[in-house]
Amino acid sequence: MSEITKLTKQFRVDHGKDFRLKDHDPASTAHLHSKEHAKELLNESILRMAELQNKLYAQDQWSLLLIFQALDAAGKDSAIKHVMSGVNPQGCQVSAFKVPSSEELDHDYLWRNMVRLPARGHIGIFNRSYYEEVLVVRVHPEVLRGERVPPSLVTKHIWKERFEDIHAFERYLSRNGILIRKFFLNVSKKEQKKRFLERLDEPEKNWKFSAADVHERGYWDDYMTAYEEAICHTACKQAPWYVIPADNKWFTRLVVASAIVETLEELKLHYPKVPAAKRGELSAARESLEGKTAKSSDRKRSSRPLVIE
Ligand code: ATP
Ligand code: MG
C-alpha cells in the first residue's frame, strides 16, 4: 500500500450506515509526526496533481467535483488555497455558496449548484454546497421557512427526503462522469475557540473575525448531529466523504491533497492518442513548419483543422 493510500484510507467513509463522529479525532495526525515530512509529501502530491489535471483536461471526459464542508475556522479556505496551488486555473473553478440570494430562493435548492458543476476535463471546487440544506437549514428551522417550499411538502420526513434526493443527484452525476469527493474538515470546539481568539488578537486576522461565527458556535452540538446524519446517509462508494482531522492545518492539507491524487490516479488517465489516420497530417504539418514542402498553394489543403486527439 502506498504512503498516500495508507494516509487517506482511514479517513474515507464509503458506507455511511455505521458512521459515528465520535470515532474521529480532530487532532489526529495518523502516523505522521514530522511537519517537515508532511510538507515534502504535500509538495509531491501537488506536483502529481498538476500532472494528473493536465491529463484530465486533455482527455476531456471525466470531471471532478470536490465539496468542502466545515464549521467556521476549520480551514476550508486555506486548504483549498494550498491544495490547489499547483493546478492550472484554466481547468479549475471554485464556487463559494453563501446565504442564497432572492433569485436563488426562487428556485429549488440544487439549481444554483447545478450551474456551477465542472465541465468535462475540469475540476470544480464547492466551498460549501447543497449540503448546507441539511446542515444550517436543519439547525435553524426559520431558514427552511424562508425557502417558500409549499407547506404541504414540509413534513417530518423532509430531512430523510433531502438525503435521498442528494444521494440520487450524486448517483446521477457519477453516472455522467462527474466524480465526487466530499471533505468534512473536522475541527474540535477547543481549536475553533483558539482560532477565533487569534482572529481577535492578531491585527492581520481581525478582518476574518465575525460575531455571527461566534453565535453559530452556540449550536455546536446541533451541527455535530446534523453532520453525522448527513454523512451517515450520503456516504457511498461513488461519492465518499473524507472526515479529515482539522486541528492541525498541515495535516488537513496533506490528507486533502492525497485524497485528490488518489482519486485521479484511480481514473488511469492518459493523454489522448493520435489515430493512425491523423499521423499523416502531423507529418505534413512538420514538413511544412520545417519548410520542406512545396508552396502551400501547390498543396491540396486539408479542409479539417489539425486536431491532436
Ligand atoms: P469565510 O467565512 O471563510 O468567508 P464562509 O463559507 O463561512 O467562508 P460566510 O459568508 O462567512 O462564508 O458564510 C456563509 C454562510 O452562508 C454560512 O453561515 C452558511 O451556513 C450559509 N449558507 C450557505 N448555504 C446556505 C443555504 N443553502 N441556506 C442558508 N444558509 C446558507
Ligand atoms: Mg464564515
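Residues numbered from 1 in each chain as written. Chains lettered and ligands numbered in written order. Predicted model: local features only at pLDDT ≥ 70, side-chain atom pairs only at ≥ 80, totals over all residues. Heavy atoms only, no water.

Here we take up the packing of helix α2 (residues 35-59) against helix α12 (residues 249-266). One way to put it is that α2 packs onto α12 with a least axis distance of 9 Å and a crossing angle of 30°. For the element pair α2 / α12, the angle class is roughly parallel. Taken as a pair, α2 and α12 cross one another with a handedness that is left-handed. In contact with K35, A38, L41, L42, S45, R48, M49, L52 and L56 of α2, α12 contributes W250, R253, L254, A257, S258, I260, V261, L264 and E265. (Axes fitted to C-alpha atoms, helices over the stretch in contact; angles between N-to-C directions. Helix = DSSP H or I, 4+ residues; strand = E, 2+ residues; numbered from the N terminus. Parallel < 35°, antiparallel > 145°, perpendicular 65-115°, else oblique. Left-handed = near helix turned anticlockwise from the far one by under 90°. Contact = heavy atoms within 4.5 Å.)

All right, on to the pairing of strand β2 (residues 63-70) then. Among the eight residues that make up β2, eight are buried, leaving the element largely enclosed by the rest of the structure. Looking at chain direction, β2 and strand β5 (residues 178-186) are connected through eight bridges and run parallel. From the neighbouring strand, A70 faces β5, where its bridge partner is L185. In the sheet, β2 pairs with strand β4 (residues 123-127) via five bridges, with the strands oriented parallel. By the bridge assignment for β4, F68 is matched with N127. (Buried < 20%, exposed > 50% of the residue type's maximum accessible area, 1.4 Å probe, protein only. Pairing = 2+ DSSP bridges.)

Partitioning the protein chain into domains gives domain 1 (2-266) and domain 2 (275-309). Placing the centre of domain 1 and that of domain 2 at their C-alpha centroids yields a distance of 48 Å. (Domains from an automatic or database assignment.)

Attention shifts here to the packing of helix α3 (residues 76-83) against α12. Direction vectors running N to C along α3 and α12 enclose 55°, while the axes themselves pass 9 Å from each other. As the angle between them shows, α3 and α12 are arranged oblique. Two packed elements cross with a definite hand, and for α3 against α12 that hand is right-handed. The residues of α12 that touch α3, namely those facing S78, A79, H82 and V83, are K249, R253, V256, A257 and I260. Residue composition of the contact of α3 with α12, grouped by class: five nonpolar, two polar and two charged. (Nonpolar A, V, L, I, M, F, W, Y, C, P; charged D, E, K, R; others polar.)

Before going further, it helps to examine α3. Counting along an α-helix, one turn takes 3.6 residues, and residues three or four places apart therefore face a common direction. Among the residues of α3, those classed as buried are K76, S78, A79, I80 and V83. At its buried positions, α3 is contacted by α2, β2, β3 (92-96), β4, β5 and α12.

Note on strand geometry: in a regular strand, side chains alternate between the two faces of the sheet. Most of β4 is tucked away, with five of its five residues classed as buried. Sheet topology note: the β3/β4 ladder contains five bridges and is parallel. The partner of Q93 across the bridge, within β4, is G124.

Attention now moves to the site of ligand 1. Near ligand 1 there are 14 residues, and of these K76, D77, R128, E132 and E133 occur at the shortest range. R112 has a polar side-chain atom sitting 3.2 Å from a nitrogen atom of ligand 1. Residue R128 places a side-chain N or O atom 2.5 Å away from an oxygen atom belonging to ligand 1. Here ligand 1 loses 74% of its free accessible area of 630 Å² to cover by the protein chains. Those elements giving two or more residues to the shell around ligand 1 turn out to be α3 and α6 (136-139). (Near = heavy atom within 4 Å. Polar contact = N/O pair within 3.5 Å; in protein donor to acceptor, adjacent residues only side chain to side chain. Areas by Shrake-Rupley, 256 points an atom, 1.4 Å probe, with all protein chains shown as cover.)

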